[in-house]
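Inside the fold
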Amino acid sequence: MTDSELIQEILSGNLALFRQLLERHQAQVFRTCIGFVHSKEDADDLTQEVFIQAYQSLASFKGDSEFSTWLYRIAVNRSLNHVRERQKKSIFDRLDSFFTREKDVQFFSDSAMEENPEQQFIHNEEREMITKALDKLPEKQRVAMVLSKYDDMSQREIANVLNTTEGAVEALLQRAKITLRKDLAQLYHRYKRQ
Amino acid sequence: MNCSTCQKHLDAYFDGTLSVDLKIQVDDHLAACKACAELYARWSVVEQVMNEEKSTSSNPFLATRIMSQLEEMQAKKYAPAHSIAKRPVFRPVTVVFIVGVAISLGVLLGNLYRPLQVRHAPSTELLYLDDATIEPIAFYDAK
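Residues numbered from 1 in each chain as written. Chains lettered and ligands numbered in written order. Predicted model: local features only at pLDDT ≥ 70, side-chain atom pairs only at ≥ 80, totals over all residues.

Per the secondary structure count, chain A includes 10 helices and 0 strands. For chain A, the α and β elements follow one another from N to C terminus as α-α-α-α-α-α-α-α-α-α. Within chain A, the fraction of its 194 residues that count as buried is 34%. Long-range contacts, defined as pairs at least 24 residues apart, comprise 63% of the intrachain contacts of chain A with a sequence gap of at least 6. (Helix = DSSP H or I, 4+ residues; strand = E, 2+ residues; numbered from the N terminus. Buried ≥ 20, exposed ≤ 12 C-beta atoms within 10 Å, placed from the backbone. Contact = placed C-beta atoms within 7 Å.)

This is the structure in structure tokens:
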């Protein structure tokens, strides 16, 4: 069954078929979310929210674009909202999420488990720097970067999600890489001085 | 190859989509230029971190979790239609009915109640009375 056929069935009351839609797109949505939040637990929660919202607004899906494009838009908006809310959090909450992220880091890197503690520390420090630099990117650049690197989307597909042109996406990606390189250079210099 | 050309081709170099000629040129430049080699090393860490995050899989029960939440939401949505008592119109009627039953039950139980009639026990003086000493009735009959 195609996505649109499934959607018709779901809208006529067959909720069980939503599972098929879910299993088809879950991995991509999860990858998009993790690109923004860098935490497995948060990405799981966000994926859940994305699919709940998708189900609730399924009737408003006109079929002008691919279902996956529509779903990516929801995932991007939800993730950006989550990131904005996290930025507004108090210092105590931020400290808490910092420690949670450290736990996630250990979960992510299977290779890090084989490293000795010193190597693991350096690995985690580098990871922290990189995720900080990624989080500092302007929103549009960040979205383009996540969709390109985490979801392996072509510039055309990214342009569809962002409702823009391929040229604009190319420019966004170029600027994102330049910004990221500059920020990383600064962070590395600061890290070396410590 | 100069630095800007090398940096321009780094993405394709990472993706493995660079032609053999260009790849050799980039390799040569990276071996000779310290700044570009450092940039390459830094960028390779970025790629590594992103690939690690990308290869993380979601909770295996996530689909089940989402489906159960959706089913719960749908059950809540349709619950008022199935349960008459939960309809807003029927709520006051239900309350009045329950209060009425409670009052009737109270009245019924109240009527069933009978106060305990206490039979006073004979006083100690009466207990010690010896009936034998009381004059027999026959004495009066004889008269």
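Per the secondary structure count, chain B includes 7 helices and 0 strands. Reading the secondary structure of chain B in the N-to-C direction produces α-α-α-α-α-α-α. In chain B, once contacts between residues fewer than 6 apart in sequence are set aside, the share between residues at least 24 apart is 40%.

Further remarks concern the confidence of the model for chain B. Of the residues in chain B, 87% have a pLDDT of 70 or more, and the chain-wide mean is 82. In the model output, the complex is listed with pTM 0.69 alongside ipTM 0.75. (pLDDT = per-residue confidence, 0-100.)

Next up on the list: the interface of chain B and chain A. The interface is formed by 21 residues belonging to chain B together with 30 residues belonging to chain A. Among the elements of the structure, helix 3 (34–54) and helix 4 (62–82) of chain B are those that each provide at least two residues to the side of chain B that touches chain A. Here the side of chain B that touches chain A is built from residues that sort into 10 nonpolar, 5 polar and 6 charged. (Nonpolar A, V, L, I, M, F, W, Y, C, P; charged D, E, K, R; others polar.)

Next up on the list: the packing of helix 2 (residues 18–37) of chain A against helix 3 (residues 40–56) of chain A. All names here are of chain A. For the pair helix 2 and helix 3, interaxial distance at closest approach is 8 Å and the crossing angle is 135°. It follows from the interaxial angle that helix 2 and helix 3 lie oblique. The hand of the helix 2/helix 3 crossing is right-handed. Contacts between helix 2 and helix 3 pair F18, L22, Q26, V29, F30, C33, I34 and V37 from the former with K40, D42, A43, L46, T47, V50, F51 and Y55 from the latter. Looking at side-chain class alone, the contact of helix 2 with helix 3 contains 12 nonpolar, 2 polar and 2 charged residues. (Axes fitted to C-alpha atoms, helices over the stretch in contact; angles between N-to-C directions. Parallel < 35°, antiparallel > 145°, perpendicular 65-115°, else oblique. Left-handed = near helix turned anticlockwise from the far one by under 90°.)

As a further point, take helix 1 (residues 3–15) of chain B. All names here are of chain B. A rise of 1.5 Å per residue sets the reference length of helix 1, with its 13 residues, at 18 Å; its end C-alpha atoms lie 19 Å apart and thus fit the reference within 8%. Along helix 1, the sharpest change in direction is near 40° and occurs at H9. Buried within helix 1 are the following residues: C6, Q7, L10 and Y13. In this structure, the buried side of helix 1 is in contact with helix 2 (20–32) and helix 3. G16, located one to two residues past helix 1, shows a positive phi value of around 75°. (Expected span 1.5 Å × (residues − 1). Bend = angle between axes of the 7 residues up to and from the residue.)

Attention shifts here to the nonpolar core. Counting 45 residues, the largest nonpolar core has C33, A75, I130, A144, L147 and I158 of chain A as its most contacted members. Considering each element in turn, this core owes the most residues, 9 residues, to helix 2 of chain A. Those residues within four positions of C33 of chain A in sequence are excluded, and the remaining contacts are A43, L46, T47, A75 and S79 of chain A. Listed in part, the 5 residues of the second largest apolar core include C6, L10, Y13 and C36 of chain B. (Core = buried A, V, L, I, M, F, W, Y, C linked by C-beta atoms within 7 Å.)

All names here are of chain A. Residue H38 is not a glycine yet carries a positive backbone phi of 55°. Take H38: it is sitting in the loop between helix 2 and helix 3. The residue N163 is not glycine, and still its phi comes out positive at about 55°. Note on N163: 10 C-beta atoms within 10 Å, which makes it exposed.

This part covers the environment of Q20 of chain A. All names here are of chain A. Inspection of the secondary structure assignment puts Q20 in helix 2. Judged by C-beta crowding, with 15 C-beta atoms within 10 Å, Q20 ranks as partly exposed. Residues Q20 and D3, 17 residues apart in the sequence, show an inter-C-alpha distance of 9.1 Å.

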